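Each chain, letter by letter, is given below.
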Amino acid sequence: MALAAGLDPLRLAELEARLQAGPRLSVLTGAGVSAASGVPTYRGGGGGMWRGRRAQDLATREAFVADPALVWEWYDERRRRLAVCQPNPAHATLAVWSRQLSVFTLITQNVDGLHERAGTRNVLRFHGSIWHLRCAGSCWPAPAPWEDLRPALPVLPPRCPACGGLARPGVVWFGEAIEPSVLAAAEAAVDCDLFLAIGTSAVVWPAAGLLAAARACGAFVVEVNPEPTGGSHEVDLVLRGPAEDILPRIRLAPSS
Ligand code: OAD
């Protein structure tokens, strides 16, 4: 396999050496880690647009209140497309590392569930899950979000089984707070030895702030991304290339 364009083997070796030392590893992933699985990113190549609307305009409480059926059609279409996507070699590599390293946390901004399907341990869903629903009606925020893995929901918009009001996707929308327990766990995870930011443009907060926070805690911060990002200036090492190409090249066990 040829090295990805612009990828320096010495940089790859540096990350490999740090991983082989058995670090406390924390990983932040974004849409780019799922690109090779066929999931469009939000900010590139026409991703993020649906029927002429921007994802940022659909993924809001205001959009849902104004037209729940429309917002649910968008999520329904995404669920149906995601249901046929498979984890790619980047997800698979992270899943292996999650089982081999004793202190491992993966913070994902993705709602697609592909890290979990790859078997990754200790995943923090920073922006929730598209496979969860929760009540948007009078009993919000109870009951707890419930899982529904059916690619196509039988009735749109779906209803809350407890109160009969509207159900909403179990994701974090623009303008909403991150679930406090998830935020606290992510903030704790930046206190690590090695922090990888993979496939994220690092422009959406508070996730984008985790890179600088990890560095402030003394972590060695690495970016894996084919393009420069909002976080590139605050990392110690940049690996330019697709995650599905770079991550499987890195051996965790020292060669004998
Ligand atoms: P973006 O779409 O903003 O950025 C995707 C990143 O992935 C870009 O930096 C690409 O260069 C990179 N990329 C593309 N292909 C890649 C590959 N094969 N390997 C590695 N990287 C690749 O997605 P996010 O940063 O995840 O929030 O966006 C953050 C948040 O903004 C999302 O969680 C969502 C969105 O609006 C909410 O919905 C709240």
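The coordinates are above.
Residues numbered from 1 in each chain as written. Predicted model: local features only at pLDDT ≥ 70, side-chain atom pairs only at ≥ 80, totals over all residues. Heavy atoms only, no water.

**Student:** For this particular structure, what's the right way to read the pattern of salt bridges?
**Tutor:** Where charged atoms from two side chains of opposite charge come close, those side chains can pair. In total, this model carries 16 salt bridges according to the counting rule given. For the salt bridge of arginine 80 with aspartate 76, the shortest nitrogen-to-oxygen distance reads 3.2 Å. Note that arginine 80 and aspartate 76 are positioned in helix H4 (residues 68-83) at a spacing of four residues, about one turn of the helix. Owing to a relative accessible area of 7%, aspartate 76 belongs among the buried residues under this scheme. (Salt bridge = Lys/Arg side-chain N within 4 Å of Asp/Glu carboxyl O. Helix = DSSP H or I, 4+ residues; strand = E, 2+ residues; numbered from the N terminus. Buried < 20%, exposed > 50% of the residue type's maximum accessible area, 1.4 Å probe, protein only.)

**Student:** Honestly, the site of the ligand in this entry has me stumped. Any pointers?
**Tutor:** Neighbouring the ligand are 22 residues, the closest being Tyr42, Arg43, Thr200, Ser201 and Asn225. Within the backbone of glycine 32, a nitrogen or oxygen atom sits 3.4 Å from a nitrogen atom of the ligand. Contacts to the ligand include serine 201, whose side-chain N or O atom sits 2.5 Å from an oxygen atom. Its free accessible area being 790 Å², the ligand has 90% of it covered by the protein chains. Class assignment of the residues belonging to the shell around the ligand gives a composition of nine nonpolar, 10 polar and three charged. (Near = heavy atom within 4 Å. Polar contact = N/O pair within 3.5 Å; in protein donor to acceptor, adjacent residues only side chain to side chain. Areas by Shrake-Rupley, 256 points an atom, 1.4 Å probe, with all protein chains shown as cover. Nonpolar A, V, L, I, M, F, W, Y, C, P; charged D, E, K, R; others polar.)

**Student:** Before we go on, may I ask you to explain the sheet that holds strand S6 (residues 128-135) in this structure?
**Tutor:** Sheet architecture is open: three strands sit in the order S7-S6-S8, paired in antiparallel fashion. Edge positions in the open sheet fall to strand S7 (146-147) and strand S8 (167-171), since each of these has one partner strand only. When S6 meets S8, the two strands line up antiparallel, connected through four bridges. Bridged to glycine 128 within S8 is valine 171. (Pairing = 2+ DSSP bridges.)

**Student:** I tried to follow the nonpolar core on my own but got confused; where do I start?
**Tutor:** Soluble globular proteins tend to pack their nonpolar side chains together in the buried interior. Membership of the largest hydrophobic core comes to 27 residues, with the highest contact counts inside it found for Trp74, Tyr75 and Trp173. In terms of residues, this core owes the most to one element, H4, which gives six residues. Excluding residues that lie within four positions of it along the chain, tryptophan 173 makes contacts with Ala59, Thr60, Arg61, Phe64, Val71, Tyr75 and Arg168. Counting 26 residues, the second-largest nonpolar core is a separate cluster that includes Leu94, Leu101, Leu194 and Ala243. (Core = buried A, V, L, I, M, F, W, Y, C linked by side-chain atoms within 4.5 Å. Contact = heavy atoms within 4.5 Å.)

**Student:** Sorry if this is basic, but what is going on with helix H8 (residues 209-216) here?
**Tutor:** The periodicity of an α-helix, 3.6 residues per turn, causes residues three or four positions apart to be oriented the same way. Regarding H8, the residues found buried are Gly209, Leu210, Leu211 and Ala214. Lining the buried residues of H8 we find strand S1 (25-29), strand S4 (104-108), helix H7 (180-189), strand S9 (194-198) and strand S10 (220-224). One or two positions beyond H8, positive phi appears at glycine 218, with a value near 95°.

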